[in-house]
Amino acid sequence: MPAELLPRLLVVDDEKYICNMISDALSSEELELSVFSDPVAALRYINENPVDIALTDIVMGEHSGIEILDAVRSNNADAVVIIMTAHPTLETAVSVLKNGAYDFLVKPFKMEFLKATINRGLKHLLIGRENVELKGQVEFLKSRFEFAADLRNSSSKQQSANC
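Note that the structure is a prediction, hence the values are computed from the model and not measured.

**Remarks on the overall build of the protein chain**
Right, on to step 1. Each helix and strand counted, the protein chain has five helices and seven strands in total.
Right, on to step 2. The helix and strand sequence of the protein chain, counted from the amino end, reads β-α-β-α-β-β-β-α-β-α-β-α.
Right, on to step 3. Classification of the 163 residues of the protein chain by burial places 36% in the buried group.
Right, on to step 4. The contacts in the protein chain between residues at least 6 apart in sequence include a share of 62% that link residues at least 24 apart.
Right, on to step 5. Surface accessibility of the protein chain: about 10,100 Å² in total, with carbon and sulfur atoms responsible for 56%.

Structure (structure tokens):
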């Protein structure tokens, strides 16, 4: 698949070994992968590059995965963001999901589970984009149908007036 058509996945975690493990696990997937252990660098990247799906830790020193979530979603409203944490609480899970996260993963997790979550997120993203495209096509066809109906009505009114 050409690089410009690959889904763009961003990974952000302040623990380099987590970034490396995820990068290694996803290296064989058809993804354009960008990995950051520095949340500030990740935020700069997000502001300059489109991201389709993001996988971010929630606690990263002075920074938060919520910042990553907000930045990704503000630049691409349909992007999928998956939050990871080693310190799960019900309140945190509810909060990030209410803020627009697609899913919430508890560390440690199996890489197969991560891949399945990413694949589900990508399917969700693609279905959403296809839905928007189809709605646009329906609106276009609807306007053409209404235009044709208006022409028919106008034509029949003219014919009635000429009789």
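Alright, that's what it looks like, and here's the rest.
**Quick look at the nonpolar core**
Right, on to step 1. Among the nonpolar cores identified, the biggest contains 23 residues, and Leu 10, Ile 46, Val 51, Ile 68, Val 72 and Ile 83 are the most heavily contacted of them.
Right, on to step 2. Of all the secondary-structure elements, those providing two or more residues to this core are strand S1 (8–12), helix H2 (39–48), helix H3 (65–75), strand S6 (80–85) and helix H4 (90–98).
Right, on to step 3. Considering each element in turn, this core owes the most residues, five residues, to H2.
Right, on to step 4. If sequence neighbours within four positions are ignored, Ile 46 has contacts with Leu 10, Val 51, Ile 68, Ala 71, Val 72 and Asn 75.

**What to know about the sheet that holds S6**
Within a beta sheet, neighbouring strands are joined by backbone hydrogen bonds and run either parallel or antiparallel to one another.
Right, on to step 1. In space, the five strands of this open sheet follow the order S2-S1-S3-S6-S7, with parallel pairing throughout. Because the sheet does not close on itself, it has two edges, and the strands there are strand S2 (32–36) and strand S7 (103–106). Each strand of the sheet is rotated relative to its neighbour by a mean of 15°, with strand direction disregarded.
Right, on to step 2. Across four bridges, S6 lies against S7 in parallel orientation. Each residue of the ladder has a partner; that of Met 84, found in S7, is Leu 105.

**Comments concerning the side chain of Ser 34**
Right, on to step 1. Within the fold, Ser 34 resides in strand S2.
Right, on to step 2. When near neighbours in sequence (up to four residues on either side) are disregarded, Ser 34 contacts Leu 9, Leu 10, Val 11 and Tyr 45.

**Let's talk about the packing of aromatic side chains**
When we look at a pair of aromatic rings, we describe it by the centre distance and by the angle of the planes.
Right, on to step 1. One pass over the full model with this rule turns up one aromatic pair.
Right, on to step 2. Ring geometry for Phe 36 against Tyr 45: centres 5.2 Å apart, planes inclined by 45°, an arrangement best described as tilted.
Right, on to step 3. Note on Phe 36: relative accessible area 18%, which makes it buried.

**Brief notes about the side chain of Asp 13**
Right, on to step 1. Relative to the elements of secondary structure, Asp 13 occurs in the loop between S1 and helix H1 (16–26).
Right, on to step 2. Residue classification places Asp 13 among the buried residues on the basis of a relative accessible area of 0%.
Right, on to step 3. What Asp 13 contacts, discounting residues up to four positions off in sequence, is Ile 18, Cys 19, Phe 36, Ser 37, Asp 57, Met 60, Met 84 and Lys 107.

Thresholds applied
- Residues numbered from 1 in each chain as written.
- Predicted model: local features only at pLDDT ≥ 70, side-chain atom pairs only at ≥ 80, totals over all residues.
- Heavy atoms only, no water.
- Helix = DSSP H or I, 4+ residues; strand = E, 2+ residues; numbered from the N terminus.
- Buried < 20%, exposed > 50% of the residue type's maximum accessible area, 1.4 Å probe, protein only.
- Contact = heavy atoms within 4.5 Å.
- Areas by Shrake-Rupley, 256 points an atom, 1.4 Å probe, with all protein chains shown as cover.
- Core = buried A, V, L, I, M, F, W, Y, C linked by side-chain atoms within 4.5 Å.
- Pairing = 2+ DSSP bridges.
- Axes fitted to C-alpha atoms, helices over the stretch in contact; angles between N-to-C directions.
- Phe/Tyr/Trp six-rings, centres within 6.5 Å; stacked < 30°, edge-to-face > 60°.

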